[in-house]
Amino acid sequence: MNKFTVFFITILMSFGLFSQSGVSHNAFDQLLQKYVDDEGMVNYKGLKAERSELKSYLSTLENNAPRKTWTRDQKLAYWINAYNAYTLELILEHYPVESIKDIGSTIKIPFVSTAWDIKFINIGGEEYDLNNIEHGIIRKDFDEPRIHFALVCAAVSCPKLQNRAYLPEKLDAQLTKAAKEFLSNSAKNRFKNENQATLSKLFNWYGGDFKNDGTLIEYINKYAPTKLSKNADIDWMDYNWKLNEQK
């Protein structure tokens, strides 16, 4: 690569027009490593003290919406990181809270029923809420059930918030890791034996997403620590909405 090419790419990157990963998620990656532990629990007090860094990353997302020229994995990594980062920002905006469900319903915000309906996200001139990103973009445009193990709703029963950002070049491996870790966590999914399991309600709420290429049990068996028989008895665990905060 000659000096002119390097200079030209540098100029494009300065305007957000060129990036090997679509947009840099390095700032978010550093915050996650610093404030999220290996169990996915968040040091919200510490993160709030450095909220300006999170806002700077969100500004990068706002000014660099996915483009048609981006690869599928660049777009998907972008939206997963955006969902998780904006969820953190929403918690910090109302912190301290006992649960994300206290935002929007208990805390009275006119015309908003839940935290996921609050229009506080602006990307590329478009206004979004968290539901828009999850259901109107990610689930609608990407045939990828593993996103349910990557999108984090700031609750104890959610899949854990990974302490690394999702990157296009690592996305497949990262999503597989997230799926295996979620199913192996006995606080969220319990496998008594091959004929009986008590699973997260995520598999009930989004059951259709896991049945595109077979049954729910066939999908679970791709990542579960115990393989279930096709006629296994499935029950659902209670969902703990308490904030995923470090003690």
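Notes on the structure in this doc start here. Small disclaimer: the values here were computed from a predicted structure and weren't measured.

Here we come to the nonpolar core. Residues Y44, W79, I80, L88, I91, F203 and I220 are the most contacted members of the largest nonpolar core, which totals 77 residues. By residue number, the principal contributor to this core is helix α5 (residues 72–94), which donates 13 residues. Excluding its chain neighbours within four sequence positions, the residues that come into contact with I80 are I138, I147, A150, L151, Y166, L171 and L175.

Residue placement: Q74 occurs in helix α5. Within polar-contact distance, the side chain of Q74 engages the backbone nitrogen of T71 at 2.9 Å.

Turning next to the state of the cysteines. Put plainly, a disulfide is one covalent bond tying together the sulfur atoms of two cysteines. For the structure on display, the rule yields 1 disulfide. Put simply, C153 and C158 are joined by a disulfide, and their sulfur atoms are 1.7 Å apart. Judged by its relative accessible area of 1%, C158 is buried.

Here the focus is the layout of surface pockets. The computed volume of the largest pocket comes to approximately 280 Å³. For the largest pocket, the lining is made up of 19 residues, of which E39, V156, K160, N185 and K188 are closest to its centre. Of the residues in the lining of the largest pocket, the class split is 11 nonpolar, 4 polar and 4 charged. In this structure, the second largest pocket occupies an estimated 230 Å³ of space.

Okay, the sheet that holds strand β7 (residues 233–236) next. Pairing is mixed in the open sheet, where 3 strands are placed in the order β5-β6-β7. If you trace the sheet from one side to the other, it starts and ends with β5 (190–193) and β7, each paired once. Looking at each pair of strands side by side, their axes are set apart by 15° on average, direction ignored. Summarising the sheet, strand β6 (residues 196–199) and β7 pair through 4 bridges and their orientation is parallel. Looking across to β7, one finds that Q196 is bridged to D233.

Rules used in this analysis
- Residues numbered from 1 in each chain as written.
- Predicted model: local features only at pLDDT ≥ 70, side-chain atom pairs only at ≥ 80, totals over all residues.
- Heavy atoms only, no water.
- Core = buried A, V, L, I, M, F, W, Y, C linked by side-chain atoms within 4.5 Å.
- Buried < 20%, exposed > 50% of the residue type's maximum accessible area, 1.4 Å probe, protein only.
- Helix = DSSP H or I, 4+ residues; strand = E, 2+ residues; numbered from the N terminus.
- Contact = heavy atoms within 4.5 Å.
- Polar contact = N/O pair within 3.5 Å; in protein donor to acceptor, adjacent residues only side chain to side chain.
- Disulfide = S-S within 2.5 Å.
- 1 Å grid on protein atoms, 1.4 Å probe; cavity = no way out; pocket = protein on both sides within 12 Å on 5 of 7 lines; lining within 4 Å.
- Points joined across faces, edges and corners; volume = space filled by probe spheres on them.
- Nonpolar A, V, L, I, M, F, W, Y, C, P; charged D, E, K, R; others polar.
- Pairing = 2+ DSSP bridges.
- Axes fitted to C-alpha atoms, helices over the stretch in contact; angles between N-to-C directions.

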